[in-house]
Amino acid sequence: MDKDKLKSGRKKRDLALKNISYGQDTPKGFFVLFIALYFIASFLVVNASRSSGTIAVFGLPVPLSAFVGIFSSIANICIIFLVVLYSKVGYFTSLGILATQFPMLIITIVKIGNLTSIPGLFGNLVTIIAITIIFVKNNSINKYQQSIRRQAVTDNLTGLPNRFAIDELLSNLVKDTDKITVVSINLHNFKSINETMGRNAGDKVLIELATRWRKIADTWATMTSDYIARIAGDEFLLIIAEYDSQSELDNTIAMYKSELERKMTIDDCDYYLTAYFGYSEFPKDTEDYKVMIAYADAAMQEAKRKDNTNSAVRFLPEHLDVKKNKEIEDKIRTALDTNTVFFYLQPQYDMDKSLRGFEALARMRDSDGAFISPAEFIPIAENTGLIDKIDLRVFTLAVEFLEKLLEKGDNDLVISVNVSVRHLMKNDFLKDIKSIIESHNVPADHLEIEITESIMIDSAEKALQCIQEIKDMGIKIAIDDFGTGYSSLSYLNILPADILKIDKSFIDVMNDSESSKQYVSTIISIGHILNLKVISEGVESPDQIETLKTNNCDFIQGFVWGRPLPPDEAEKLVV
Ligand code: C2E
Ligand code: MG
Ligand code: MG
């Protein structure tokens with residue numbers, strides 16, 4: 001960076017830091033304006049008081065001397081504004097202006113004998129007393145306000161700016177800086193320092209780190225304009241401005257990183273810290289400074305996910321998915337812990353619209369009450385292994401619902417439950433569902449488990465064995481989403497299934513062309529040849545019902561006859 005740029009950068013940084021600690025100054029332009037207004041008003045006071053002329057106001061002649069009071073009030077107001085808005089500078093400027101008028105007033109009274117200047121002399125004296133009182137009072141209020149403000153924008157432990165300060169700083173910086181980088185820093189394994197050495201040691205480590213980093217920023221060791229802030233616990237934000245190239249940026253981040261990693265000795269104990277670094281850049285990644293912080297966080301989370309403490313990760317849009325997925329994962333965990341995963345039931349009908357049963361579908365709500373789509377949370381639950389708990393929870397709810405239906409009277413309704421491939425293959429699964437069924441004393445042949453064919457790809461033998469055991473318990477087996485993914489006639493043949501569910505994607509296009517219709521018709525025929533009943537999923541229109549009827553489909557599940565319903569509403573469908 002050249003010298004001039006460095007100088008202006010320093011000035012800008014000092015001002016920015018002053019603004020966040022003390023608040024923004026009133027613009028200097030107004031200072032000059034108030035002084036100019038004061039002199040104009042004073043000039044008019046003198047001239048109006050000497051004039052014997054009149055001006056017409058609403059048709060009436062008013063002597064000019066009647067305006068003396070108005071002009072002198074305007075002059076006083078200007079003086080008061082100067083003192084209130086510009087404290088010390090405003091007060092001493094005002095004092096100077098008023099004091100220089102004293103000799104002139106005294107000369108006119110004593111030497112020239114013009115006694116009309118006596119009120120002016122008193123007026124001046126009263127104004128000086130008034131502005132002195134205002135100044136003293138205002139000064140103590142300002143000091144108090146500044147100390148409150150400093151506390152609000154400062155992290156108590158380290159004395160670094162905090163999150164509020166950073167928001168304000170960035171909102172100002174983006175107005176007149178061409179490039180800004182926000183680096184989100186999260187210490188690696190800091191929790192273990194607190195746990196093993198105690199909170200006090202942890203605090204000392206944070207203070208030492210803040211001191212090191214502040215020194216780099218304040219001494220311009222990096223030659224870029226840097227601001228370091230503590231956001232929470234072991235989270236810091238580094239803001240870098242006034243750099244020209246990526247290599248300057250890399251160099252700055254590297255300096256903060258190496259200061260962090262330099263051995264730290266506290267109370268005779270050596271610490272070697274590392275951290276995850278993620279950054280985003282304005283305006284390349286976003287022009288919104290709040291989003292910039294979120295992006296830097298997402299990049300840092302990516303570093304964390306990959307356990308990468310070696311290099312700073314630059315933000316990429318795909319990092320957002322990871323962050324969002326983590327948020328959903330947390331929501332699933334909370335919902336499972338608080339037992340708030342619930343279920344809806346979608347009715348299934350035969351072609352004459354008599355109820356066959358229901359499919360139990362997992363549901364979850366956000367903390368603000370909004371539904372989170374299963375399309376969103378089921379894949380995440382599958383990837384994180386949480387699906388097992390969801391499946392079991394829905395299975396339990398379904399069994400309780402069935403128990404309730406059976407208490408109402410005999411029926412042959414079937415409740416089907418989705419079970420993830422992974423879950424099915426686990427050793428505990430059969431044991432768990434057995435105990436749920438036994439503890440509720442419901443007949444197993446009213447229950448159905450929906451599986452997808454993909455189960456056969458990974459481990460056909462183990463899968464077949466599990467499915468057979470489920471069948472032996474009396475539970476029905478449905479093959480879900482048939483036609484998507486890996487469909488194999490040979491597997492279909494050996495699977496001891498009861499029912500085939502044609503995926504919605506085939507039903508959607510079924511009436512668009514003769515070949516699509518033929519395709520669905522063929523699946524239904526194959527199902528029947530293999531001795532399976534066939535159910536079409538996602539049926540949305542009466543036309544589709546008609547086509548399915550002509551092709552001998554056995555059951556229908558779709559919005560056309562019923563959307564997924566809460567259990568009490570589903571219960572009303574059972575007569
Ligand atoms: P799925 O098992 O194929 O369930 C059928 C999905 O199709 C349900 O979506 C249902 O609401 C939707 N659907 C049914 N008829 C129509 C229709 O006419 N139009 C449209 N647009 N959609 C229709 P949902 O509830 O969003 O569930 C999505 C998937 O999530 C399910 O597909 C299933 O694979 C999975 N899932 C849901 N609950 C559970 C669960 O408890 N455990 C497991 N492992 N997976 C679950
Ligand atoms: Mg299903
Ligand atoms: Mg399905």
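From a predicted model like this one, the values you see are computed outputs, not experimental measurements. (Residues numbered from 1 in each chain as written. Chains lettered and ligands numbered in written order. Predicted model: local features only at pLDDT ≥ 70, side-chain atom pairs only at ≥ 80, totals over all residues. Heavy atoms only, no water.)

1. Considering the overall build of the protein
Let me state the cut-off plainly: To qualify as a helix, a DSSP run of H or I must reach at least 4 residues; to qualify as a strand, a run of E must reach at least 2; elements of each kind are numbered from the N terminus. Here the globule rule is a power law, 2.2 Å times the number of residues to the power 0.38, and the radius of gyration is based on C-alpha atoms. Only heavy atoms enter the contact rule, under which two residues are in contact if any of them lie within 4.5 Å. Only the protein chains shown count as covering a residue, and every accessible area follows the Shrake-Rupley method with a 1.4 Å probe.
Assigned secondary structure in the protein consists of 20 helices and 18 strands. For 575 residues, the compact-globule estimate of 2.2 N^0.38 gives 25 Å, and the protein exceeds it by more than 25% at 39 Å. In the protein, once contacts between residues fewer than 6 apart in sequence are set aside, the share between residues at least 24 apart is 67%. In the structure as shown, the protein presents an accessible area of about 29500 Å², 56% of it carried by carbon and sulfur atoms.

2. Regarding the nonpolar core
Within soluble globular proteins, side chains that are nonpolar tend to cluster in buried spots. Inclusion rule: For our purposes a nonpolar core is just a set of buried Ala, Val, Leu, Ile, Met, Phe, Trp, Tyr and Cys residues, chained together by side-chain atoms within 4.5 Å. Any residue under 20% of the maximum accessible area for its type is buried, any over 50% is exposed, and the rest in between are partly exposed; the area is computed with a 1.4 Å probe on protein chains only.
Ile332, Ile390, Phe395, Ile415, Leu447, Ile449 and Leu548 are the most contacted members of the largest nonpolar core, which totals 73 residues. Examining the composition of this core, we find that 11 residues originate from one element, helix α12 (residues 387-408), more than from any other. For Leu447, the contacting residues outside a window of four places in its chain are Phe395, Val399, Leu402, Val414, Ile415, Ile437, Val442, Ile475 and Lys476.

3. Brief notes about the coordination of the magnesium ion (ligand 3)
This is how the line gets drawn: Keep in mind that water is not among the atoms, so a site may look incomplete; donors are the N, O and S atoms within 2.8 Å of the metal, or 3.2 Å for Na, K and Ca.
Distances from the magnesium ion (ligand 3) to its protein donors, namely Asp480 (OD), Asp481 (OD), Glu537 (OE) and Glu537 (OE), fall within the range 2.0 to 2.8 Å. Distance-wise, the magnesium ion (ligand 2) is placed 4.0 Å from the magnesium ion (ligand 3), both being coordinated by Asp480. Placement of Asp481 in strand β15 (residues 476-482) and of Glu537 in strand β17 (residues 533-537) is noted, with a sequence separation of 56 residues between them. Asp481 sits in the partly exposed class, given a relative accessible area of 25%. Classification of Glu537 by relative accessible area gives buried; the value is 14%.

4. Looking at helix α11 (residues 374-384)
The condition is simple: In this context, the arc is that of the directions from the helix axis out to the C-beta atoms. N or O atoms within 3.5 Å of each other form a polar contact, as long as, within protein, one can give a hydrogen and the other can take it, and as long as residues adjacent in sequence are counted only when both atoms are side-chain atoms.
Where α11 is concerned, the buried positions are Phe377, Ile380 and Ala381. Projection of α11 onto a plane perpendicular to its axis shows the buried side chains occupying an angular sector of 105°, all on one side. Turned more than 90 degrees away from the buried face of α11 sit Ala375 and Asn383, all of them exposed. Capping the start of α11, Ser373 holds a side-chain oxygen 3.0 Å from the backbone nitrogen of Ala375, two or three residues further along. Positive phi appears at Gly385, one or two residues downstream of α11, with a value of about 80°.

5. Thoughts on the site of ligand 1
Operational definition: One heavy atom within 4 Å of a molecule or strand is enough for the residue carrying it to be called near that molecule or strand. Three classes are used: nonpolar for Ala, Val, Leu, Ile, Met, Phe, Trp, Tyr, Cys and Pro, charged for Asp, Glu, Lys and Arg, and polar for all others, with Gly counted as polar.
Of all residues adjacent to ligand 1, which total 23 residues, the nearest are Arg363, Asp391, Asp480, Glu540 and Phe559. In this structure, a nitrogen atom belonging to ligand 1 sits 3.0 Å away from a side-chain N or O atom of Gln346. With respect to ligand 1, the side chain of Asp480 contributes an N or O atom lying 2.8 Å from an oxygen atom. Surface burial for ligand 1 is 81%, taken as the share of its 800 Å² of free accessible area covered by protein chains. When residues of the shell around ligand 1 are traced back to their parent elements, those giving at least two are β11 (355-365), α11, α12 and β15. When the residues that make up the shell around ligand 1 are grouped by side-chain class, the tally is 9 nonpolar, 5 polar and 9 charged.

6. Considering the pairing of strand β10 (residues 342-350)
Condition: One bridge is not enough; two strands pair if DSSP finds at least two bridges between them.
Across the 9 residues that make up β10, a large majority, 7, are buried. Taken together, β10 and the strand that follows it, β11, pair antiparallel across an intervening segment of 4 residues, in which Lys353 is found at a positive phi of about 65°. Pairing analysis gives 2 bridges linking β10 to strand β18 (residues 555-557), with the strands arranged antiparallel. Its bridge partner being in β18, Tyr349 is matched across the sheet by Ile556.

7. Some points on the packing of aromatic side chains
Selection criterion: Note on aromatic pairs: the rings of Phe, Tyr and Trp (six-membered ring only in Trp) are paired at centre separations within 6.5 Å, and the planes decide the class, stacked below 30 degrees, edge-to-face beyond 60, tilted for the rest.
Evaluated as defined, the whole model comprises 17 aromatic pairs. Ring geometry for Phe34 and Phe81: centres 5.1 Å apart, planes at 15°, overall stacked. One end of the pair, Phe34, is in helix α2 (residues 28-50); the other, Phe81, is in helix α3 (residues 68-110), with 47 residues separating them in the sequence. The exposure class assigned to Phe34 is buried, which follows from its relative accessible area of 11%. Taking 5.5 Å as the distance between ring centres and 80° as the angle between the ring planes, the aromatic pair formed by Tyr38 and Phe39 counts as edge-to-face.

8. Looking at the pattern of salt bridges
Stated precisely, the cut-off is as follows: For this document, the term salt bridge refers to a Lys or Arg side-chain nitrogen within 4 Å of an Asp or Glu carboxyl oxygen.
Counting across every chain of the model gives 27 salt bridges. Between Glu448 and Arg356 there is a salt bridge; the shortest N-O distance is 2.7 Å. With a gap of 92 residues between them, Glu448 in strand β14 (residues 447-452) and Arg356 in strand β11 connect regions that are remote in the sequence. When the shortest N-O distance is used, the salt bridge between Glu571 and Lys404 registers 3.5 Å. Highlighted residues: Glu571 in helix α20 (residues 567-572) and Lys404 in helix α12, separated in sequence by 167 residues. Here the residues in one salt-bridge network are Glu281, Lys284, Asp285 and Arg314, joined through shared partners.

9. A few points about the domain arrangement of the protein
Let me state the cut-off plainly: These domain boundaries are the output of an automatic or database domain assignment. Buried area, as used here, totals the accessible surface that two parts lose on assembly, with accessibility defined by a 1.4 Å probe and the loss added over both.
Here the protein is described as being made up of domain 1 (22-153), domain 2 (163-320) and domain 3 (324-572). Taken over C-alpha atoms, the centre of domain 1 sits 50 Å from the centre of domain 2. With 4 residues of domain 1 at the interface, the matching set in domain 2 holds 4 residues. When domain 1 packs against domain 2, the two sides together hide about 310 Å² of surface, and 37% of this comes from carbon and sulfur. On inspection of domain 1 and its partner domain 2, the count reaches 0 salt bridges. Connecting domain 1 to domain 2 are 0 residue pairs in polar contact (both at pLDDT 80 or more). Residue classes in the side of domain 1 that touches domain 2 are distributed as 2 nonpolar, 1 polar and 1 charged.

10. Quick notes on a nonpolar patch on the surface
Here is the rule: Note on patches: the residues involved have over 30% relative accessible area and no salt bridge, like charges join within 9 Å, and the nonpolar side chains Val, Leu, Ile, Met, Phe, Trp and Tyr join within 5 Å.
On the surface, Leu115, Ile118, Phe122, Leu125, Ile129 and Ile133 cluster together to form a nonpolar patch covering roughly 580 Å² of accessible area. Among the secondary structure elements, Leu115 is positioned in the loop between α3 and α4 (118-153). Judged by relative accessible area, which is 55%, Leu115 ranks as exposed.

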